[in-house]
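Report on the structure
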Amino acid sequence: MTTLYIRHPAKASVDSAAGNAALCQFAVVGSGGALLQQGAAALGSLTDLIGSARRVVLLLAASDVTLLRVTVPPLSPARLKAALPGIVEDQILGEPADCVLAATPATGEGVRTVAVVQRAWLEVLAKALLAQGARSICALPAQLCLPLQPGCVAGAISAGESGLELTLRLAQYEGFGLTVAPQPGPALQTLRALASDTPLTVYVAASELANYQALAAGLSGITLEAEHWAHWVAAARTAAPDLMRSLGAAGERARDWRRWRWPLRLALLTLLVNIAGVNIEWLRLRRDAASVRLSMLQTFKAAYPKETVILDPIAQMRKNIGIVKLENGQLAPDEFTALCAALGEALARLPHQTGIASLEYRERALFFKWKPDGVDASALAQLRADLAARNLALSEPTPGTWQIRLAAGAAPGGKS
């Protein structure tokens, strides 16, 4: 994804341009920082670039943004936003409500820089970008997007519709701009005077570099460099504050629900189809269960016509079969007598006889404990194998207590 950087001219230049068609310098930068495209065009003709960019960074003309140095007590972000209008009220012309205020991080002893821009003007730019498909917008003061070397002051001179736009950066969060007459010599002298005795680096258009170098011959402490988008992009990545964030909802893209109309309809239709399918399957299984239960009841009533109360046909059938087998002298393999007999026969096969300390029958399983001498591992393995041959499983549910139960999968009515 790409980032589109736009250097917007001063508001005065746009107002004076015919049809508000003032040219904006722009650059398209890739995710790796490579410059993919650059040029100059009216903001209204950048629709394709704006719509395809992941993020739009708008560099507001320095003359349109006022930077104020104020002392602010320690406040949370929400409280700071609410307190800013009262803090800067005495330092701006007009009402604070007509301005967008954004503060930088505190630099020391609570001193912050507050960027002030006309709200109506910033809203016009935000709406223009959003109308052209901008996804995310960031608005930065251009004077804070100049590369700043330690112990130096950075400046820039660019041509506008109403004259030359001067941009000056004095410190990390200090700078200003103004528009002067289209005379390169006086413009250069103005920057030199505003920078005082501090070394000054001035960025000018590459085509004007030779002309400005000749004009700067009589001025001391000035270094002239050809302006390049790499300078602006590198400084803009760490610049603050973002005025668009302080603009609020006016700077956010409205969600276009019409784009989601058909996907939402398809999702709802899919949900309804799945709900209908689940309910239809549940009804079918319910009918099958009722049919199986009715068949079991009929079979039970046919076998035991005298039974009047039928709660669980399967359990009652097993119980009745067990009673019949008991009357005929047959034992179920999980009854107490059958389990004890199987255990006795298995113990008799052990090479060393051992005793049972306790014996208990519950829940159709036989629980016992060994005497203190116990059995070794080989004898225990032989006992487990002998019981498995009788479809019985030996386990130790709790330490020291052993259990014999009918093996899983074995029929309760089978032979022991």
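Overview of the structure. Keep in mind that this is a model prediction, so the values were computed, not measured.

**So, the pairing of strand β3 (residues 35–42)**
- Taken together, the seven bridges between strand β2 (residues 23–29) and β3 define a ladder with antiparallel strand orientation. Residue pairing across strands places Val29 opposite Leu35, the latter belonging to β3.
- Here β2 folds back onto β3 in antiparallel fashion, the turn holding five residues, of which Gly33 has a positive phi close to 95°.

**Considerations on the sheet that holds strand β10 (residues 163–171)**
- The five strands are arranged β11-β10-β9-β12-β13 in an open sheet whose pairing can be described as mixed. Either end of the sheet is taken by a strand with one partner, and the two such strands are β11 (174–180) and β13 (222–226). For this sheet, the mean angle separating the axes of adjacent strands, direction not counted, is 20°.
- Set on the sheet, helix α5 (residues 184–194) makes contact with β9 (153–160), β10, β11, β12 (200–204) and β13; between it and β10 the angle comes to about 20°.

**With respect to the state of the cysteines**
- On inspection of all chains with the given rule, the structure shows zero disulfides.
- In this model Cys138 remains outside any disulfide bridge; the closest cysteine sulfur is found in Cys145, 8.1 Å from its own.

**A word on the packing of aromatic side chains**
- Counted by the stated rule, this structure contains four aromatic pairs.
- Here Phe336 and Tyr361 contribute two aromatic rings whose centre-to-centre distance is 5.7 Å and whose plane-to-plane angle is 70°, an arrangement assigned as edge-to-face. Of this pair, Phe336 sits in helix α11 (residues 336–348) while Tyr361 sits in strand β14 (residues 356–362), placing them 25 residues apart in sequence.
- Here Phe368 and Trp370 contribute two aromatic rings whose centre-to-centre distance is 5.2 Å and whose plane-to-plane angle is 90°, an arrangement assigned as edge-to-face. A single burial state applies to Phe368 and to Trp370, both of which are buried.
- The ring of Trp121 is capped by Lys11, whose NZ or CZ atom sits 6.0 Å from the centre of that ring.
- Here Arg265 stacks its cationic end above the ring of Trp262, 4.8 Å away from the centre of that ring.

About the cut-offs
- Residues numbered from 1 in each chain as written.
- Predicted model: local features only at pLDDT ≥ 70, side-chain atom pairs only at ≥ 80, totals over all residues.
- Heavy atoms only, no water.
- Pairing = 2+ DSSP bridges.
- Helix = DSSP H or I, 4+ residues; strand = E, 2+ residues; numbered from the N terminus.
- Axes fitted to C-alpha atoms, helices over the stretch in contact; angles between N-to-C directions.
- Contact = heavy atoms within 4.5 Å.
- Disulfide = S-S within 2.5 Å.
- Phe/Tyr/Trp six-rings, centres within 6.5 Å; stacked < 30°, edge-to-face > 60°.
- Buried < 20%, exposed > 50% of the residue type's maximum accessible area, 1.4 Å probe, protein only.
- Lys NZ or Arg CZ within 6 Å of the ring centre and 35° of its normal.

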